[in-house]
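Read off the chains here:
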Amino acid sequence: MNRCSRMLSISLAGAACLIVAGTALPAFAQPNALGSTIAAKGTAAGVLACVTCHGAKGEGNAAAGFPRLAGLAAAYLAGQLENLADGKRQNPVMGPIAKQLTPAERKAVAAYYGSLGAAPGLASGGGEALKRSDNGAWLALRGRWDDNLPACVQCHGASGAGVGSAFPALAGQSSAYIAAQMHAFKNGTRPGGPLNLMKVVASKLSDTDMSAVADHFGHAGAASPANTAAGSAAKGAK
Ligand code: HEC
Ligand code: HEC
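Nothing here was measured: the structure is a model prediction, and the numbers come from that model.

(A) Structural context of the packing of helix H3 (residues 33-41) against helix H7 (residues 103-114). Interhelical geometry of H3 versus H7 gives an angle of 90 degrees and a closest axis separation of 7 Å. It follows that H3 is roughly perpendicular to H7 by the angle criterion. For the pair H3 and H7, contact is made by Leu34, Gly35, Ser36, Ile38 and Ala39 and by Glu105, Ala108, Val109, Tyr112 and Tyr113, respectively. Residues that form the contact of H3 with H7 fall into these classes: seven nonpolar, two polar and one charged.

(B) Structural view of the coordination of the iron atom of ligand 2. Distances from the iron atom of ligand 2 to its protein donors, His156 (NE2) and Met198 (SD), fall within 2.0 to 2.2 Å. For the iron atom of ligand 2, the six donor atoms in the first shell make angles of 85 to 179 degrees at the metal, a pattern classed as octahedral. Of this pair, histidine 156 sits in helix H9 (residues 152-156) while methionine 198 is found in helix H11 (residues 197-203), placing the two residues 42 residues apart along the sequence. Each member of the pair histidine 156 and methionine 198 is classed as buried.

(C) Spotlight on the pattern of salt bridges. Enumeration according to the criterion identifies four salt bridges in this entry. Residue aspartate 86 pairs with lysine 88 through a salt bridge whose shortest N-O separation is 3.3 Å. Classification of aspartate 86 by relative accessible area gives partly exposed; the value is 46%. Bridged by salt links that share partners, the residues Arg144, Asp147 and Asp209 form one connected network.

(D) Fine view of the packing of aromatic side chains. In this structure the tally under the stated criterion is one aromatic pair. Taking 5.0 Å as the distance between ring centres and 70 degrees as the angle between the ring planes, the aromatic pair formed by tyrosine 112 and tyrosine 113 counts as edge-to-face. Tyrosine 113 carries the same exposure label as tyrosine 112, and that label is buried. The aromatic ring of tryptophan 138 is capped on one face by arginine 142, whose charged end is 4.8 Å from the ring centroid.

(E) Broad picture of the site of ligand 1. In the vicinity of ligand 1, 26 residues are found, and the nearest of them are Cys50, Cys53, His54, Tyr76 and Met94. Residue tyrosine 76 places a side-chain N or O atom 2.8 Å away from an oxygen atom belonging to ligand 1. Side-chain polar atom of glutamine 181 to an oxygen atom of ligand 1: 2.9 Å apart, as the coordinates give it. Mapped onto the shell around ligand 1, the elements with two or more residues apiece are helix H4 (51-54), helix H5 (74-85), helix H6 (94-100) and helix H10 (175-187). Top contributing element to the shell around ligand 1 by residue count: H5, with four residues. Residues belonging to the shell around ligand 1 are distributed by class as follows: 19 nonpolar, five polar and two charged. Summarising the domain contributions, the shell around ligand 1 has at least three residues from each of domain 1 (26-114) and domain 2 (127-237).

(F) Representation of the side chain of histidine 156 in the model. Accessibility expressed as a relative area gives 9% for histidine 156, which makes it buried. For histidine 156, the side chain forms a polar contact with the main-chain oxygen of proline 168, separated by 2.8 Å.

(G) Molecular detail of the coordination of the iron atom of ligand 1. At this site the iron atom of ligand 1 is bound by His54 (NE2) and Met94 (SD), with donor distances of 2.0 to 2.2 Å. Around the iron atom of ligand 1 sit six donor atoms; with metal-centred angles ranging over 87 to 180 degrees, the donor geometry is octahedral. In this pair, histidine 54 is assigned in helix H4 and methionine 94 in helix H6, connecting sequence segments 40 residues apart.

Procedures and definitions
Residues numbered from 1 in each chain as written. Chains lettered and ligands numbered in written order. Predicted model: local features only at pLDDT ≥ 70, side-chain atom pairs only at ≥ 80, totals over all residues. Heavy atoms only, no water. Axes fitted to C-alpha atoms, helices over the stretch in contact; angles between N-to-C directions. Helix = DSSP H or I, 4+ residues; strand = E, 2+ residues; numbered from the N terminus. Parallel < 35°, antiparallel > 145°, perpendicular 65-115°, else oblique. Contact = heavy atoms within 4.5 Å. Nonpolar A, V, L, I, M, F, W, Y, C, P; charged D, E, K, R; others polar. Donors = N, O, S within 2.8 Å, 3.2 Å for Na, K, Ca; no water. Tetrahedral: all angles 85-135°; square planar, octahedral: opposite > 155°, others 65-115°. Buried < 20%, exposed > 50% of the residue type's maximum accessible area, 1.4 Å probe, protein only. Salt bridge = Lys/Arg side-chain N within 4 Å of Asp/Glu carboxyl O. Phe/Tyr/Trp six-rings, centres within 6.5 Å; stacked < 30°, edge-to-face > 60°. Lys NZ or Arg CZ within 6 Å of the ring centre and 35° of its normal. Near = heavy atom within 4 Å. Polar contact = N/O pair within 3.5 Å; in protein donor to acceptor, adjacent residues only side chain to side chain. Domains from an automatic or database assignment.

This is the structure:
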C-alpha cells in the first residue's frame, strides 16, 4: 500500500500502519438482535436505551456532547465500552452505563452500531485553498513536521472518515466532543489507544491547537449526514 509505505518514513505513523494490518475484524462483523434491542430499549437490568442519548440512528447529539456511534467500527466501539466499564476511560455519564452492561451485551451492542452506515466525510479536501494561517486545517491536513507531528488525516483518513477498525472517524463528531477527547488523551483520563498514539499526538498540541483542529473536523449542529454536509459547505463559504 503506497499510503502505508509513505507513512513508514516516520515511526509514529508507521506503527499505525502495522496496527491496521494486524487488526482482526470478523468476530464483530455481524449485526445481531441482542445489540439492536439494547440500543432501542436498554436492558432488563435497567441500562438506559442508547438511542436516548446517541440518537435513533446512532447519529449522536452535538449540543449535548453525545458522540456519533454510527460509522465507527465494532472493534473500536467494543474497546471503548471496555475502557469505560473498567474506568480506564473516565466519564461520569457513560462509565456507569458501560459498567452495567455484561461483557456479552457490550460486544453485541458494539456489533450493532458497527453495522450501521459509514460516517460522512468532510466536504473539503484541503489542497489548493489551504492557508498556513488556518492552524486547524494545517494541523489536520499537514501536521507539524518540525515537532514530529503527523497530519491527523494520515491516521484518520483523508476526509476524517476513519480507517479500518483502529482509527475512528472524526468527521460527524462535534467540535466540543473532539476537543474534550483531545484533553482527555493529554491528561490521561482516557487511555492513549493502540501504542499510546493519541497520547503522543495530544501531548504535542496546545489548548489553542486542540480547539482549532477540533473546529476543523467538528460541526456545531445536529449530526445527521445532511446537516454535516450543510455545515461543511457553510464553513467553506465563510
Ligand atoms: C445518558 C446519556 C447516554 C446514554 C443513555 C448512553 N450514552 Fe454512550 N456516551 C454518552 C456520553 C456523554 C459519551 C461521551 C463520553 C466521553 O466524553 O468520554 C458517550 C460515549 C460513548 C461511546 C464512546 C464513543 C467514541 O467515539 O469513543 C460509546 C461506544 C458509547 N457511548 C456507547 C453507548 C451504548 C452502547 C449505549 C447504550 C447501552 C450508550 N452509549 C448509552 C452518553 C450516553
Ligand atoms: C499516528 C496515528 C494518529 C494520528 C496522527 C492522529 N490520531 Fe487520533 N486516534 C488515533 C487512534 C489509534 C485513535 C483511537 C484511540 C483509542 O482506541 O482509544 C484515535 C482517536 C482519536 C479521537 C477519539 C475519537 C472518538 O470517537 O472518541 C480523536 C478526537 C482524535 N483521535 C483526534 C485526532 C486529531 C485531531 C489528530 C490530529 C491533531 C489526530 N487524532 C491524529 C490515531 C491517530
